[in-house]
Amino acid sequence: MNGESEVVKNFLLKALRLQAWEKRIDCFTLGEGAMPASFKVLHDPVRKSDTMAADFGESAIGRVAPVDSGFWWIIMLRAYTKSTGDHSLADMPDCQRGMRLILSLCLAEGFDTFPTLLCADGCSMIDRRMAIYGYPIEIQALFFMALKCAKLMLKPEAGGKAFIERIDKRLYALSYHIRSYFWLDFQQLNNIYRYKTEEYSHTAVNKFNVIPDSIPDWVFDFMPMRGGYFIGNVSPARMDFRWFLLGNCVAVLSSLATPEQSSAIMDLIEARWMDLVGEMPLKIVYPALEGHEWNIVTGCDPKNTRWSYHNGGSWPVLIWLLTAACIKTGRPQIARKALELVESRLSKDGWPEYYDGKLGRYVGKQARKFQTWSISGYLVAKMMMEDPSHLGMISLEEDKKMMKRYLSRSASWTF
């Protein structure tokens, strides 16, 4: 946005070199395409030189490899290309190989019956135990967006054509699955509430055998008559009804959400403003886990207590994603209102990493001050509001061919 494209280019190339490192945890070697979750720059005062030390999960809480970092790398590469018009970086053999390695990891064939990616707990921004294992919406939305970005940048040579064909098939299957089974609005909630169980064969309506009594009480009051969202997770006999902001905003930006679903997500945010935004934007997840459920799900995690950190804490960095989604859906007034809340406190409080409390009123008990991404998240949001054309770097439009296939499939499907 500031025209400092060399900084972004250098970062992309550095991350690509780190991908080439051997990734070993104890006696096990990770997949070749894995990208690091983070890296440190170590200074040697004797030799007066700097070296980089990457973390592929071996230093993380719980020793979980990051699933999202490779997707963000592809998304950033496309953003660089879109912003600068410079295709030479993405066309480099090393970058083409880097994309293919990431895609090899997530498009590998296995025993999956769903097009979604099976993930461990703690594999994304929520990097501690929070019951996101399975098929978390954040990873699925980023996966979808990365596939679309890779499709735009991959060259047919050196096996690229085969990857493009696999991407096309996966995008169609993934969009149908997420739009059909992760989507929740008032009508769908009522349908699930009335589900019969123990159904067999292809005629089953309750395809995942979800027990209606497992629907948490809070969701009935939370769901407005107008509005909807992609729930946190769907797997056999399990639906995680929690709201995850990052996954829903990325779904809007990538056009994983249909225009109607995108508008409904914005309706929900407006209708449940105090729950999802409060006094300091934005809730990373809603609601918080409490009591016995918190004991079991988090393992009594002292950092993820109720309405704190990943467990219902408020993260200012997310303001840029909300702003981008608002601009794309033609609802900039929502972002403007959220930005006013951020501007009233964030700088005065020393740019903390996150806020605690049901309304996000208190600076987080372990929040780092002068957090880089809290500052940059605000700056990106502010600059997008001043010049909405920046949205093109991070927004993808609906694939008309895929939408046509989806509509014909939906018309022939009965519920």
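Check the entry above for the structure.
Computed from a predicted model, the values in this text were never measured in an experiment. What you see as residue numbers is a count from 1 along each chain, following the sequence as written. Under the rules for a predicted model, residues below a pLDDT of 70 receive no local features and side-chain atom pairs below 80 are neither given nor counted, while totals for whole chains, interfaces and linings still include all residues. With hydrogens and water stripped out, all remaining heavy atoms of the structure feed into the side-chain values.

> Give a description of the overall build of the protein chain that names residues and reports values.
Think of it this way: any DSSP run of H or I at least four residues long counts as a helix, any run of E at least two long counts as a strand, and we number them from the N terminus. For the protein chain, the helix and strand inventory stands at 16 helices and 12 strands. We compute the radius of gyration over the C-alpha atoms and compare it with the globule rule, which gives 2.2 Å times the number of residues raised to the power 0.38. Computed over its C-alpha atoms, the radius of gyration of the protein chain comes to 21 Å, within 12% of the 22 Å expected for a compact globule of 415 residues. Along the longest, intermediate and shortest principal axes, the C-alpha atoms of the protein chain span 70 × 50 × 50 Å. Here the term buried applies to any residue with accessible area under 20% of the maximum for its type, exposed to any over 50%, and partly exposed to those in between, with areas from a 1.4 Å probe on protein chains only. Within the protein chain, the proportion of its 415 residues that are buried is 54%. Taking the intrachain contacts of the protein chain between residues at least 6 apart in sequence as the baseline, contacts between residues at least 24 apart amount to 70%. Only the protein chains shown count as covering a residue, and every accessible area follows the Shrake-Rupley method with a 1.4 Å probe. As displayed, the protein chain offers around 19700 Å² of accessible surface, 55% of which is attributable to carbon and sulfur atoms. A positive count includes Lys and Arg, and a negative count includes Asp and Glu. His and the chain ends are not counted in either. In this description, the location of a charge corresponds to atom NZ of lysine, CZ of arginine, CG of aspartate or CD of glutamate. A distance of 2 Å separates the average location of the 50 positive side-chain charges in the protein chain from that of its 46 negative side-chain charges. Contacts: residue pairs with any heavy atoms within 4.5 Å of one another.

> Explain the pattern of salt bridges to me, and be specific about the residues and the numbers.
Criterion for a salt bridge: a side-chain nitrogen of Lys or Arg within 4 Å of a carboxyl oxygen of Asp or Glu. All chains considered together, the criterion is met by 13 salt bridges. The salt bridge involving Glu22 is made with Arg24; its shortest N-O contact spans 3.2 Å. The exposed category is assigned to Glu22, whose relative accessible area is 58%. A salt bridge links Glu270 to Arg331, with the shortest nitrogen-to-oxygen separation between them at 3.0 Å. Linking Glu270 in helix α10 (residues 259-271) with Arg331 in the loop between α13 (319-328) and α14 (332-345), this pair joins segments that are 61 residues apart in sequence. Members of the salt-bridge network, linked through shared partners, are Arg226, Asp267, Glu270 and Arg331.

> Account for helix α2 (residues 68-84), naming residues and giving values.
Taking 1.5 Å per residue as the helical rise, α2 with its 17 residues ought to reach 24 Å, and the 24 Å between its terminal C-alpha atoms agrees with that figure. With 12 of 17 residues buried, α2 is to be regarded as a mostly interior element. Residues Asp68, Ser69, Gly70, Phe71, Trp73, Ile74, Ile75, Leu77, Arg78, Ala79, Tyr80 and Thr81 constitute the buried set of α2. Summarising the contacts, the buried residues of α2 are in contact with α1 (5-19), α3 (88-91), α4 (93-106) and α5 (137-153). Helix span, expected: 1.5 Å multiplied by one less than the number of residues in the helix.

> Go over the packing of helix α9 (residues 245-254) against α13, please, and point to the residues and values.
The axes are straight lines fitted to the C-alpha atoms, using for helices just the contacting stretch, and the angles between their N-to-C directions are given from 0 to 180°. Running from N to C, α9 and α13 point in directions that differ by 35 degrees, and their axes come no closer than 9 Å. Regarding α9 and α13, the two cross each other, and that crossing is left-handed. Facing α9, whose interface residues are Leu246, Cys249, Val250, Val252, Leu253 and Ser254, α13 presents Leu321, Leu322, Ala324, Ala325 and Lys328. Tallied by class, residues from the contact of α9 with α13 come to nine nonpolar, one polar and one charged. By definition, turning the near helix anticlockwise from the far helix through less than a right angle yields a left-handed crossing, and turning it clockwise yields a right-handed one. Just so you know the grouping, Ala, Val, Leu, Ile, Met, Phe, Trp, Tyr, Cys and Pro go in nonpolar, Asp, Glu, Lys and Arg go in charged, and all remaining residues, Gly too, go in polar.

> An account of the pairing of strand β3 (residues 38-44) is needed here, citing residue identities and associated values.
Pairing between β3 and strand β4 (residues 49-55): seven bridges, direction antiparallel. The partner of His43 across the bridge, within β4, is Asp50. Pairing between two strands requires that DSSP report at least two bridges joining them. Taking the residues between adjacent antiparallel strands as the criterion, β3 and β4 are bridged by four residues, where Lys48 takes a positive phi near 55 degrees.

> Quick rundown of a nonpolar patch on the surface? Include the residues and the values.
Among the surface-exposed residues, Val7, Val8, Phe11, Phe39, Val41 and Met76 lie close enough to one another that they form a single nonpolar patch of about 480 Å² accessible area. Elements represented by at least two residues in the nonpolar patch include exactly α1 and β3. Of all the elements, α1 adds the most residues to the nonpolar patch, at three residues. When you line up the elements, Phe39 lands in strand β3. Each patch groups residues whose relative accessible area exceeds 30% and which form no salt bridge, using 9 Å between like charges and 5 Å between nonpolar side chains of Val, Leu, Ile, Met, Phe, Trp and Tyr.

> Tell me about the environment of Ile25, and please be specific about residues and values.
Residue position: Ile25 is located in strand β1 (residues 24-25). Note on Ile25: relative accessible area 17%, which makes it buried. Residues Ile25 and Lys400 lie 375 residues apart in sequence; the distance between their C-alpha atoms is 43 Å. When near neighbours in sequence (up to four residues on either side) are disregarded, Ile25 contacts Leu30, Phe56, Gly57 and Glu58.

> Could you give an account of the packing of α1 against α2, with specific residues and numbers?
Packing of α1 against α2 leaves a shortest axis separation of 11 Å and a crossing angle of 150 degrees. Of the possible angle classes, the one that applies to α1 and α2 is roughly antiparallel. In this structure, α1 crosses over α2, and the sense of that crossing is left-handed. For the pair formed by α1 and α2, the contact residues are Ser5, Val8, Lys9, Phe11, Leu12, Ala15 and Leu16 on the first element and Trp73, Met76, Leu77, Tyr80 and Thr84 on the second. Grouping the amino acids of the contact of α1 with α2 by side-chain chemistry returns nine nonpolar, two polar and one charged. Each angle is binned into one of four classes, with values under 35 degrees roughly parallel, values over 145 roughly antiparallel, values of 65 to 115 roughly perpendicular, and all other values oblique.

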